[in-house]
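# Tertiary structure, described
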Amino acid sequence: MERPFPTVAVVGLGTMGAGIAVAIAQSGRRVIGIEADADAAGRALGRIEEATARAVRRERLTDAERTALLGLISVGDRLDAAATADLVIEEVPEQLELKREIFAELDRICPPETVLATGTTALSVTRIAAATARPERVLGLHFFNPVHTMKLVEVVRTVLTSPQASEEAAAFARELGKEPVAAGDRAGFIVNGLLFAYLNQAAAMLESRYATREDIDAAMRLGCGLPMGPLALLDLIGIDTARTVLEAMYEQSRDRLHAPAPILGQLVAAGLLGRKTGRGFYAYDAPGSSRAVAEASAGGTARVAGRPVASVGVCGSGTMATGIVEVFAKAGLPVLLAARSQEKADRAKAQLAKSLERSVSRGRLAAEQRDAALALVTATGSYADLAGVDLVVEAVAEDLAVKRDLFAVLDKIVKPGAVLATTTSSLPVISCATATSRPHDVIGMHFFNPAPAMKLVEVVSTVLTSPDVTSTVLDLCTKVRKHPVECGDRAGFIVNALLFPYLNDAVRMLQEHYATVDDIDTAMKLGCGYPMGPFELLDVVGLDVSLTIEKVLHQEFREPGLAAAPLLEHLVAAGCLGRKTGRGFRDHARR
Ligand SMILES: NC(=O)c1ccc[n+]([C@@H]2O[C@H](COP(=O)([O-])OP(=O)(O)OC[C@H]3O[C@@H](n4cnc5c(N)ncnc54)[C@H](O)[C@@H]3O)[C@@H](O)[C@H]2O)c1
């Protein structure tokens with residue numbers, strides 16, 4: 001293929017257009033910038049000059065490169081200038097009528113072979129294309145802000161776009177140093193289609209007072225490794241923009257999970273649009289600032305004092321139990337590791353020794369610390385030994401009958417006033433509590449795997465948990481250097497309730513042949529800075545485990561949009577469970 005599009009016109013040189021113009025000129029192409037009027041053109045040129053000067057200061061560009069680059073960009077206010085372009089990219093404000101008018105004009109001005117691209121985020125590319133007589137040469141080119149750092153470009157084709165036009169557009173994006181992914185014309189495309197439903201659920205979760213804004217954000221950062229929490233991200237995107245995108249998504253999908261959470265409408269009506277106005281979910285020290293200021297908490301009630309915890313017990317001998325023992329022992333707490341038999345307990349302690357050894361060999365732990373931690377752990381095959389501990393964490397099999405039996409046993413053994421915690425991820429904590437005669441002492445402590453590395457613990461209080469038990473566990477988490485977040489006893493707690501519907505949406509997107517596994521994973525990693533794409537994550541977590549969590553969520557909330565995608569059920573039925581079986585969404589055996 002020849003070098004695609006040697007001359008490109010960019011209509012609208014605001015946030016996106018100015019960035020795109022610079023990226024194109026950097027690839028050595030001529031850029032015809034077009035603004036609404038002479039004043040706007042002057043301001044746009046100023047923006048481009050300033051942005052490139054900043055790039056020189058930050059040593060992303062040399063002075064000579066900047067001069068050459070600016071020499072390739074002309075800025076005017078006449079749309080006619082687009083006549084000599086091979087590709088026109090429209091980046092005017094997100095209004096359908098404005099975009100349709102511009103496309104109708106461009107259709108008259110440009111030769112029939114010129115490709116016309118829209119930068120829309122949430123409008124229908126098809127409706128924009130319908131304003132022209134060349135819908136086969138019209139597509140979407142969705143760049144991400146800031147253009148110079150974000151590598152992703154969604155190349156959006158409508159049912160009428162010719163394969164040649166979208167291939168040329170993808171090749172063009174690659175020449176700008178970007179990674180193009182192919183998407184069909186649907187509100188939100190890949191990235192926003194998956195991101196905004198999740199952001200919306202986070203807003204709804206806050207609105208229902210299930211957890212605080214700080215806890216929701218911390219849970220997603222620390223539990224999933226996301227670069228930002230969802231509410232802080234909504235403030236960055238702009239609450240008004242988010243609401244517009246969600247409205248467009250709902251319009252097409254009629255999925256209630258896309259209907260903007262009422263709180264978004266309230267914030268918009270109040271002019272609290274996020275960082276740009278200085279206040280959204282958080283308050284900032286000035287409009288446009290990224291520095292959130294601390295505010296007095298709305299509830300304002302001081303926490304009651306917790307109970308003293310001088311020794312702990314952990315029930316179980318698996319991955320989570322061993323990891324939790326390690327967390328406690330490293331923080332200097334004496335730990336009883338109690339399993340169903342002495343042999344199982346000894347094996348778990350040997351696992352622990354191996355894990356500590358690995359930390360030593362990686363230079364993360366001193367040999368003395370390893371020895372001190374190991375000396376604090378006593379392995380026992382008898383639950384009766386737990387009689388004297390102040391707190392027990394149960395981490396046995398994820399089976400309600402098994403857990404209830406264990407809680408009934410603990411109830412008979414453990415001293416009065418001790419805290420009994422379960423680390424269940426999908427069962428109701430209250431069902432563990434009611435297996436005892438002291439449900440007010442029972443609470444959830446949901447650790448994440450691997451427990452020694454993951455900072456987050458979801459502290460789950462039931463309707464019966466006594467406030468001083470909650471305080472005890474919050475204090476203990478801090479003492480063992482974990483970050484606790486508080487939530488109520490409902491399916492998924494914070495993290496899984498926000499994460500798994502997103503993963504399910506990704507499976508649905510694949511199942512509908514909207515985009516490929518690779519394109520969806522690439523889009524989420526490059527477009528949102530996620531450490532893993534949804535299919536990579538599903539293959540690591542296990543498709544069977546994911547399906548179970550999705551079923552629990554659907555059963556709890558009965559939201560039609562939460563029903564597990566049939567493709568996930570089919571893969572599980574076929575024994576494709578992810579990395580552990582060598583095959584899930586990807587074939588790992590062949591790699
Ligand atoms: N900002 C983002 O994060 C982002 C990310 C991806 C896509 N988008 C999409 O990109 C498009 C542009 O958004 P933006 O954030 O750059 O907006 P913006 O408001 O910063 O810029 C729009 C520019 O278009 C100019 N303009 C208005 N009417 C015009 C006309 N008739 N002819 C020529 N120029 C005109 C304005 O003067 C302004 O400079 C929108 O469709 C938006 O949804 C935005």
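Look above for the structure.
Small disclaimer: the values here were computed from a predicted structure and weren't measured.

The rules behind each value
- Residues numbered from 1 in each chain as written.
- Predicted model: local features only at pLDDT ≥ 70, side-chain atom pairs only at ≥ 80, totals over all residues.
- Heavy atoms only, no water.
- Helix = DSSP H or I, 4+ residues; strand = E, 2+ residues; numbered from the N terminus.
- Rg over C-alpha atoms; globule rule 2.2 N^0.38 Å.
- Buried < 20%, exposed > 50% of the residue type's maximum accessible area, 1.4 Å probe, protein only.
- Contact = heavy atoms within 4.5 Å.
- Near = heavy atom within 4 Å.
- Polar contact = N/O pair within 3.5 Å; in protein donor to acceptor, adjacent residues only side chain to side chain.
- Areas by Shrake-Rupley, 256 points an atom, 1.4 Å probe, with all protein chains shown as cover.
- Patch = residues over 30% accessible without salt bridge, like charges linked within 9 Å, V, L, I, M, F, W, Y side chains within 5 Å.
- Salt bridge = Lys/Arg side-chain N within 4 Å of Asp/Glu carboxyl O.
- Lys, Arg positive; Asp, Glu negative; His and termini not counted.
- Charge placed at Lys NZ, Arg CZ, Asp CG, Glu CD.
- Pairing = 2+ DSSP bridges.
- Axes fitted to C-alpha atoms, helices over the stretch in contact; angles between N-to-C directions.
- Core = buried A, V, L, I, M, F, W, Y, C linked by side-chain atoms within 4.5 Å.
- Expected span 1.5 Å × (residues − 1).
- Parallel < 35°, antiparallel > 145°, perpendicular 65-115°, else oblique.
- Left-handed = near helix turned anticlockwise from the far one by under 90°.
- Nonpolar A, V, L, I, M, F, W, Y, C, P; charged D, E, K, R; others polar.
- Right-handed = clockwise from strand over helix to strand, strands pointing away.
- Disulfide = S-S within 2.5 Å.

Helix and strand counts for the protein come out as 22 helices and 16 strands. A compact globule built from 591 residues should have a C-alpha radius of gyration of about 25 Å, and the protein, at 28 Å, falls within 12% of that. Dimensions along the principal axes, computed over C-alpha positions, put the protein at roughly 85 × 55 × 50 Å. When the 591 residues of the protein are sorted by exposure, 55% land in the buried category. Considering only intrachain contacts with a sequence separation of at least 6, the fraction spanning at least 24 residues in the protein is 69%.

By nearness alone, 23 residues border the ligand, and Met16, Glu35, Glu91, Glu94 and Lys99 come closest of all. Interatomic distance of 2.8 Å between a backbone N/O atom of methionine 16 and an oxygen atom of the ligand. Residue valine 92 places a main-chain N or O atom 3.5 Å away from an oxygen atom belonging to the ligand. Coverage of the ligand by the protein amounts to 73% of the 840 Å² it exposes when considered alone. Elements that contribute at least two residues to the shell around the ligand include exactly α1 (15-26), α4 (96-109) and β6 (138-143). When residues in the shell around the ligand are grouped by element, the largest group, three residues, is from α4.

Once that is clear, we can look at a positive patch on the surface. Where like charges cluster on the molecular surface, the positive patch consists of Lys354, Arg358, Arg362 and Arg364. Residue position: arginine 358 is located in helix α13 (residues 342-361). Residue class for arginine 358 comes out partly exposed when judged on its relative accessible area of 43%.

Before going further, it helps to examine the sheet that holds strand β1 (residues 7-11). Reading across the sheet, the eight strands line up as β3-β2-β1-β4-β5-β6-β7-β8 and stay open at both edges, with mixed pairing between neighbours. The open sheet has two free edges, formed respectively by β3 (73-76) and β8 (179-184), since each of these has just one partner strand. Put simply, the sheet's adjacent strands are angled 25° from each other on average, direction ignored. In this structure, strand β4 (residues 87-90) lies alongside strand β5 (residues 115-118), joined through four bridges in parallel fashion. Counterpart to valine 88 in the pairing with β5 is leucine 116. Against the sheet, helix α19 (residues 517-528) engages β7 (152-157) and β8, with an angle of about 120° to β8.

Let's shift gears to the nonpolar core. Core analysis: the largest hydrophobic core is formed by 106 residues, its most contacted members being Ile190, Phe281, Leu386 and Ile494. Here this core takes 11 residues from helix α18 (residues 495-511), the largest share from any one element. Setting aside anything within four residues of it in sequence, one finds phenylalanine 281 in contact with Ala203, Leu206, Arg213, Leu231, Leu234, Asp235, Ile239, Ile263, Leu264 and Leu267. The next biggest cluster of nonpolar side chains, apart from the first, holds 39 residues, and it includes Val360, Val419, Ala421 and Met445.

Counting across every chain of the model gives 35 salt bridges. For arginine 134, the salt bridge goes to aspartate 107, with nearest N and O atoms at 2.6 Å. With arginine 134 in the loop between α5 (125-129) and β6 and aspartate 107 in helix α4, this residue pair connects regions lying 27 residues apart in the sequence. In terms of burial, arginine 134 and aspartate 107 fall into one category: buried.

Next up on the list: helix α12 (residues 319-330). End to end, α12 covers 17 Å across 12 residues, agreeing with the expected 16 Å (1.5 Å per residue, within 8%). Summarising burial for α12: nine of the 12 residues are buried, a large majority. Remark: glycine 332 follows α12 within two positions and exhibits a positive phi of approximately 90°.

So, on to the sheet that holds strand β9 (residues 312-315). Sheet architecture is open: eight strands sit in the order β11-β10-β9-β12-β13-β14-β15-β16, paired in mixed fashion. Since the sheet does not close on itself, it has two edges, and those belong to β11 (377-380) and β16 (483-488), each with one partner. On average, each strand axis in the sheet is inclined to that of its neighbour by 25°, with strand direction left out of account. Note: strand β10 (residues 335-338) against β11, four bridges, orientation parallel. Residue pairing in the sheet places alanine 338 in a bridge with threonine 380 of β11.

This next bit is on the packing of helix α7 (residues 191-207) against α18. As a packed pair, α7 and α18 sit with axes 9 Å apart at the nearest point and diverge in direction by 155°. Considering their axes alone, α7 and α18 lie roughly antiparallel with respect to each other. Considering how the two elements wind past one another, α7 and α18 form a crossing that is right-handed. The residues of α18 that touch α7, namely those facing Leu194, Ala197, Tyr198, Gln201, Ala202 and Met205, are Ala497, Leu498, Tyr502, Asp505, Ala506 and Met509. Here the residues of the contact of α7 with α18 sort into 10 nonpolar, one polar and one charged.

A separate point is the environment of alanine 345. Mapped onto the elements of the fold, alanine 345 is located in helix α13. Considering only alpha carbons, one finds alanine 345 and arginine 364, 19 residues apart in sequence, at a separation of 26 Å. In contact with alanine 345, other than residues within four places in its own chain, are Leu337, Ala339, Ala379, Thr380 and Gly381.

A separate point is the pairing of strand β13 (residues 419-422). Burial along β13 is two-sided: Val419 and Ala421 and Leu420 and Thr422, pointing in opposite directions, are all buried. As judged from the four bridges shared by strand β12 (residues 391-394) and β13, these two strands associate in the parallel manner. Within β13, the position partnered with valine 392 by the bridge is leucine 420. For the handedness criterion, the β-α-β arrangement of β12, helix α15 (residues 400-413) and β13 is classed as right-handed. Of the pairings in the sheet, the one linking β13 to strand β14 (residues 442-447) comprises three bridges and is parallel in character. Residue pairing across strands places alanine 421 opposite isoleucine 443, the latter belonging to β14.

For the rest of this paragraph, the subject is the state of the cysteines. Per the counting criterion, the structure on display carries zero disulfides. The thiol of cysteine 477 is unpaired, and the distance to the nearest cysteine sulfur, on cysteine 487, comes to 11 Å. For cysteine 477, a relative accessible area of 0% corresponds to the buried category. For cysteine 487, a relative accessible area of 6% puts it in the buried group.

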